[in-house]
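# Chain and residue survey
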Amino acid sequence: MKTAVIGAGSFGTAISQILADNSEEVYLFARRPEVVESINRDHENRAYHPGVKLKGNIKAVHMERKDLIEESDYIFMAVPSGNLREITRSMRDALKNKKMISCIKGIEHPSLKPMSMVMKEETGSETVFSISGPNFADELIRGMTSGITIGAPASYHDEITELLRSAGVLLDYSENIQGVEFCGILKNVYAVAMGILDGQITGENHRYAILTICFREMIRILDRMGCGELYDKFCGFGDFLLTASTDKSRNRTLGLMLGKKMRLSEDSTITIESLRSIKAIRELTDDLELPVLELVHRTMDDPENVNIHIRDFQKAIAVY
Ligand SMILES: NC(=O)C1=CN([C@@H]2O[C@H](COP(=O)(O)OP(=O)(O)OC[C@H]3O[C@@H](n4cnc5c(N)ncnc54)[C@H](OP(=O)(O)O)[C@@H]3O)[C@@H](O)[C@H]2O)C=CC1
Ligand SMILES: O=C(CO)COP(=O)(O)O
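All residue numbers refer to position in the chain's written sequence, counted from 1. For this description, chains carry letters from A and ligands carry numbers from 1, given in the order in which they are written. Only residues with pLDDT of at least 70 are given local features in this predicted model, and only at 80 or more are side-chain atom pairs given and counted; all residues enter the totals for whole chains, interfaces and linings. Each side-chain value is worked out from all heavy atoms of the structure, with water and hydrogens disregarded.

### Describing the overall build of the protein
Formally: Here a strand is any run of E in DSSP of at least two residues, a helix any run of H or I of at least four, and the numbering for each starts at the N terminus. For the radius of gyration, the atoms used are the C-alpha atoms, and the globule rule reads 2.2 Å times the number of residues raised to 0.38. When accessible area is computed with a 1.4 Å probe and restricted to protein chains, residues below 20% of their type maximum are described as buried, those above 50% as exposed, and intermediate ones as partly exposed. The charged-residue count follows a simple rule in which Lys and Arg add positive charge and Asp and Glu add negative charge, with His and chain termini not counted at all. A charged residue contributes its charge at one atom only: NZ of Lys, CZ of Arg, CG of Asp or CD of Glu.
Looking only at helices and strands, the protein has 15 helices and eight strands in total. The globule rule puts the C-alpha radius of gyration for 320 residues at 20 Å, and the 19 Å found for the protein is close to it. For the protein, the spread of C-alpha atoms along the three principal axes comes to 55 × 40 × 35 Å. Counting all 320 residues of the protein, 55% fall into the buried class. Across the protein, the centroid of the 39 positively charged side chains sits 3 Å from that of the 46 negatively charged ones.

As structure tokens, this is what we get:
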């Protein structure tokens, strides 16, 4: 089996390390020639995972190498959601009959489409699946125990399991491909909320009460989307709690900054999916009373008045 990973960043490199255990070759598609050279020369992606030795059958390739897509059995997409459509479109002919797996925890705006739908639209492929879970790339790449939910028809579960079989990887399964994606999209927004509120939280009882309110709101949205069976999957509770509670999370860190009335610099290139997904999630749920989502949206728009937004949030949950 040969696999391809589009996006040689944090997660693309990490999932390549997992795939390398079960693939004859892993083609890791990088945008920058210097990244291709450094990975192939030193077996290290210094930009994203300095000091981590990559397995010998991971081959970095340029984005133009569509012929290597043809050779691959599965294509994993690990670019930021904002770049996916253009990339998929540029590879459309090579991708059209391929089995593809989205690793992306973002949603398109204003179309409100999850990534698997974007990939289907651009390629016409009917075999587009998803994975998501509590998967910090820096731990995954080191073989540290991680949980991954596979979102695919049951007939593909065994094949994808074989691809991801690796020391430390725990798997669970769902046939709700887009539900698995929405878990990853939503948990990022609630991680921002916990970051915003972190400065206000006094004590562990308080923290876990607020986490419960966040999770309760997230599963109200999941219910609305027909994803109720995903609460207890790695992509559900696991990734929610990991990202909302861990400072390593970029989305939670954004919340911590906003809670201190700081704005992200305009020219930041850090991948923070909630920045793009918050609008889409609000439009998808505009008929629901969601005080946590409201807090995130208002604070992202106007961090200077975060204290007012938090006060209004606290009033809203008092009667929650
Ligand atoms: N990091 C993590 O722990 C996890 C991330 N994810 C998800 O994976 C997705 C990717 O995130 P992550 O890997 O963290 O992001 P990074 O910012 O670490 O990497 C993004 C990668 O995409 C590449 N890229 C961006 N635009 C293009 C383009 N137009 N053409 C080709 N390549 C492009 C970047 O290239 P360049 O280096 O040249 O900028 C970079 O290699 C996100 O949706 C994220 O939520 C999921 C689980 C865990
Ligand atoms: O999705 C992730 C962990 O599962 C990574 O989270 P951040 O994008 O918030 O860093």
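### A look at the site of ligand 2
Stated formally: To be near a molecule or strand, a residue needs just one of its heavy atoms within 4 Å of it. Two N or O atoms count as a polar contact when they lie within 3.5 Å, although within protein this holds only if one can serve as hydrogen donor and the other as acceptor, and sequence-adjacent residues are included solely when both atoms are side-chain atoms. For every accessible area listed, the method is Shrake-Rupley and the probe measures 1.4 Å; residues are considered covered only by the protein chains on display. Classification convention: Asp, Glu, Lys, Arg as charged; Ala, Val, Leu, Ile, Met, Phe, Trp, Tyr, Cys, Pro as nonpolar; all other residues, Gly among them, as polar. Residue ranges assigned to the domains are those given by an automatic or database domain assignment.
Every residue close to ligand 2 is listed here: Lys 105, Gly 133, Pro 134, Asn 135, Phe 136, Lys 187, Asp 239, Leu 242, Thr 243, Ser 249, Arg 250 and Asn 251. Between an oxygen atom of ligand 2 and a side-chain N or O atom of Lys 187, the distance comes to 2.7 Å. Within the side chain of Asp 239, one N or O atom sits 2.7 Å away from an oxygen atom of ligand 2. For ligand 2, whose accessible area on its own is 310 Å², the fraction buried by protein is 92%. Among the secondary structure elements, those contributing two or more residues to the shell around ligand 2 are α11 (234-245) and α12 (250-259). Among the elements that make up the shell around ligand 2, the one with the highest residue count is α11 (three residues). Its residues assigned to classes, the shell around ligand 2 comprises three nonpolar, five polar and four charged. Shared between two domains, the shell around ligand 2 holds at least three residues of each, these being domain 1 (2-175) and domain 2 (179-318).

### Things to note about the pairing of strand β3 (residues 58-62)
For a regular strand, side chains alternate in direction, first toward one face of the sheet and then toward the other. Here is the rule we go by: Whether two strands pair comes down to DSSP finding at least two bridges between them.
Pairing of strand β2 (residues 25-30) with β3 involves five bridges; the strand directions are parallel. Across the sheet, residue Phe 29 finds its bridge partner in β3, namely Val 61.

### Thoughts on the UniProt feature "binding site: sn-glycerol 3-phosphate" (unreviewed entry) in the protein
Defined as follows: UniProt positions are given in the numbering used here, feature names are shortened, and annotations may be inferred rather than shown by experiment. Any pair of residues with heavy atoms lying within 4.5 Å of one another is described as a contacting pair.
With numbering matched to this structure, UniProt assigns "binding site: sn-glycerol 3-phosphate" (unreviewed entry) to Lys 105, Gly 133, Lys 187, Asp 239, Ser 249, Arg 250 and Asn 251. Looking at where Gly 133 falls in the secondary structure, it is placed in the loop between β6 (128-132) and α7 (137-140). Residue Gly 133 is classed as buried on the basis of its relative accessible area, which comes to 0%. When residues no more than four places from it in sequence are discounted, the contact partners of Gly 133 are Lys 105, Gly 147, Phe 234, Cys 235 and Asp 239. As for its placement among the helices and strands, Asn 251 is situated in helix α12.

### Comments concerning the site of ligand 1
As a matter of local geometry, ligand 1 sits amid 23 residues, with Ser 10, Tyr 48, Arg 250, Thr 271 and Glu 273 nearest to it. Between an oxygen atom of ligand 1 and a main-chain N or O atom of Gly 9, the distance comes to 3.0 Å. Surface burial for ligand 1 is 89%, taken as the share of its 900 Å² of free accessible area covered by protein chains. The set of elements that each furnish at least two residues to the shell around ligand 1 consists of α1 (10-19) and α4 (81-90). Here the shell around ligand 1 gets three residues from one element, more than from any other, and that element is α4.

### Remarks on the packing of aromatic side chains
Spelled out, the test is: We call Phe, Tyr and Trp rings a pair once their centres come within 6.5 Å, taking the six-membered ring for Trp, and we label the pair stacked below 30 degrees between planes, edge-to-face above 60, and tilted otherwise.
Summed over the entire model, instances satisfying the criterion amount to three aromatic pairs. Pairing Phe 215 with Phe 237 gives two aromatic rings, centres 5.5 Å apart and planes at 80 degrees, and the pair type is edge-to-face. Pair noted here: Phe 215 is in helix α10 (residues 204-224) and Phe 237 is in helix α11, with a separation of 22 residues, a long-range link. The class of Phe 215 is buried, set by a relative accessible area of 17%. With 5.0 Å between their ring centres and 40 degrees between their planes, Phe 215 and Phe 240 make a pair best called tilted. Within this pair, whereas Phe 215 is found in helix α10, its partner Phe 240 is found in helix α11, the two being separated by 25 residues in sequence. Note on accessibility: Phe 215 and Phe 240 belong to one class, buried. Three or more aromatic residues link up through ring pairs in this structure, and these residues are Phe 215, Phe 237 and Phe 240.

### Here's the deal with helix α14 (residues 291-301)
Summarising burial for α14: eight of the eleven residues are buried, a large majority. Of the positions making up α14, those classed as buried are Pro 291, Val 292, Leu 293, Leu 295, Val 296, His 297, Thr 299 and Met 300. On its buried face, α14 is in contact with α9 (177-198), α10, α12, α13 (274-284) and α15 (306-318).

### Here we look at the UniProt feature "active site" (unreviewed entry) in the protein
The feature "active site" (unreviewed entry), as annotated in UniProt, sits at Lys 187 in this numbering. With respect to the helices and strands, Lys 187 occurs in helix α9. Excluding its chain neighbours within four sequence positions, the residues that come into contact with Lys 187 are Lys 105, Met 218, Asp 239, Phe 240 and Thr 243.

### Overview of the domain arrangement of the protein
When the parts come together, some accessible area is lost, and that loss is often what is quoted as the size of the interface. Filter applied, for reference: Values labelled buried area give the accessible surface lost by two parts on being combined, using a 1.4 Å probe and summing over both. Any Lys or Arg side-chain nitrogen found within 4 Å of a carboxyl oxygen on Asp or Glu counts as a salt bridge.
Per the domain assignment, the segments making up the protein are domain 1 (2-175) and domain 2 (179-318). Computed over C-alpha atoms, the centres of domain 1 and domain 2 are 26 Å apart. Facing the 33 residues of domain 1 at the interface are 27 residues of domain 2. Counting each side, the surface lost to burial between domain 1 and domain 2 is near 2400 Å², with a carbon and sulfur contribution of 63%. Looking only at domain 1, the three residues that lose the most surface to domain 2 are Lys 105, Ile 107 and Phe 136, adding up to 28% of its buried area. Summed over the shared surface of domain 1 and domain 2, the number is three salt bridges. Ionic pairing is found between Lys 248 and Glu 139, a salt bridge with its closest N-O pair at 2.5 Å. When residues of the side of domain 1 that touches domain 2 are traced back to their parent elements, those giving at least two are α4, α6 (115-123), β6, α7, β7 (146-151) and β8 (169-174). Top element by residues in the side of domain 1 that touches domain 2 is β8. It accounts for five residues. Here the residues of the side of domain 1 that touches domain 2 are counted per class, giving 13 nonpolar, 15 polar and five charged.

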